[in-house]
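# Residue-level structure breakdown
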Amino acid sequence: MRFILAAFAAFLLVGCGSVVPAPTAFPTPTPATLPLPQNVSGIPEQGNPNTAVIAAHTPRGELEVGVARTFTLGHCGLMSPIDMDGSLWDPTAAHNGAGGALTEEHTGELINATPTVVVLIDPNSIELRTPLGAVITLTRHDGPRAYFLCD
C-alpha cells in the first residue's frame with residue numbers, strides 16, 4: 001500500500017511540475033485561388049489567328065491522386081502545352097502560396113521554362129507549385145486545344 005501511495009505522490013509531483021504546451025490552432029485550409037493574370041493564363045480567345053492546335057501525347061494513368069512529381073514548364077511557361085496523364089491541362093486560377101495575388105517574380109516563373117512540382121488533386125484537377133511558392137490550379141482539358149505561338 002505504501003508503495004502505491006508513494007508512486008501516486010511521485011506521479012503528482014512530476015505531473016504538476018511539467019509544462020503543458022498550449023493548444024495549437026487547426027491547420028488552415030488551402031488558400032482560395034484567384035484568377036490568373038491575363039498575360040500568363042495561356043488560354044487564347046476563340047478564333048485567335050496566332051495559335052496552333054495541339055493534341056495530348058502522354059499516356060493516361062501516369063499520375064496518382066495525392067502523389068507529387070516534378071514537371072518542367074515548356075519554353076513559354078503556362079503558354080506552352082502542359083501534357084500529362086493523357087490530357088492537356090488548362091491553368092484556371094492561382095495564388096502566391098498564402099492566398100494573395102501573384103508577384104512579378106511569380107509571373108516571371110510562369111512565362112518561362114520553370115521546374116515545378118505537380119500533384120493530382122482529383123481526377124480532373126492538378127495543383128502546380130513553383131520554386132517561389134506560386135500555386136496554380138489546372139483542370140483537365142477534353143481533347144486538343146489551341147496554344148499561342150511562342151518564340
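Residues numbered from 1 in each chain as written. Predicted model: local features only at pLDDT ≥ 70, side-chain atom pairs only at ≥ 80, totals over all residues. Heavy atoms only, no water.

## Considering the overall build of the protein
Secondary structure assignment for the protein yields two helices and eight strands. Tracing the protein from N to C terminus, the helices and strands come up as α-β-β-β-β-α-β-β-β-β. Expressed as a percentage of its 151 residues, the buried residues of the protein come to 30%. In the protein, of all internal contacts separated by at least 6 residues, the share reaching a separation of at least 24 is 77%. (Helix = DSSP H or I, 4+ residues; strand = E, 2+ residues; numbered from the N terminus. Buried < 20%, exposed > 50% of the residue type's maximum accessible area, 1.4 Å probe, protein only. Contact = heavy atoms within 4.5 Å.)

## Concerning the nonpolar core
Among the nonpolar cores identified, the biggest contains 19 residues, and Ile-82, Met-84, Ile-126 and Ile-136 are the most heavily contacted of them. Looking at this core, the elements with two or more residues in it are β4 (87-95), β5 (115-122), β6 (125-129) and β7 (135-141). (Core = buried A, V, L, I, M, F, W, Y, C linked by side-chain atoms within 4.5 Å.)

## Section: the pairing of β7
In this structure, β4 lies alongside β7, joined through seven bridges in antiparallel fashion. Paired with Leu-88 across the strands is His-141, a residue of β7. Looking at chain direction, β6 and β7 are connected through five bridges and run antiparallel. Looking at β7, one finds that Ser-125 is bridged to Thr-139. Adjacent in sequence and paired antiparallel, β6 and β7 are bridged by five residues, among which Gly-133 carries a positive phi angle near 95°. (Pairing = 2+ DSSP bridges.)

## Examining the sheet that holds strand β3 (residues 83-84)
Read across the sheet, six strands follow the order β2-β5-β6-β7-β4-β3 without closing on themselves; strand pairing throughout is antiparallel. Looking at the sheet topology across the chains shown, the edges are occupied by β2 (68-72) and β3. Bridge analysis of β5 against β6 gives five bridges, and the strand direction is antiparallel. Note on β6: the bridge partner recorded for Val-118 is Leu-128.

## Quick look at unusual backbone geometry
Unusually for a residue other than glycine, Asp-85 sits at a positive phi of about 55°. One can find Asp-85 in the loop between β3 and β4.

## Examining the confidence of the model for the protein
Of the residues in the protein, 78% have a pLDDT of 70 or more, and the chain-wide mean is 81. Mean pLDDT per element in the protein: helix α1 (residues 2-17) is the minimum at 46, and β3 is the maximum at 96. Segment residues 3-29 is flagged for pLDDT under 50; beyond a separation of four residues in sequence, or across chains, it makes zero contacts in the model. (pLDDT = per-residue confidence, 0-100.)

## A short note on the side chain of Arg-145
In this fold, Arg-145 is placed in strand β8 (residues 145-148). Its relative accessible area of 5% is what places Arg-145 among the buried residues.

## A short note on the pattern of salt bridges
For the structure shown, the criterion picks out five salt bridges. With its nearest N and O atoms 2.7 Å apart, the salt bridge here joins Asp-85 to Arg-140. Taken together, the positions of Asp-85 in the loop between β3 and β4 and Arg-140 in strand β7 put the pair 55 residues apart, joining distant regions of the chain. In this pair, the class of Asp-85 matches that of Arg-140, namely buried. With its nearest N and O atoms 3.6 Å apart, the salt bridge here joins Arg-129 to Glu-127. Arg-129 gets classed as partly exposed once you look at its relative accessible area, which sits at 39%. (Salt bridge = Lys/Arg side-chain N within 4 Å of Asp/Glu carboxyl O.)

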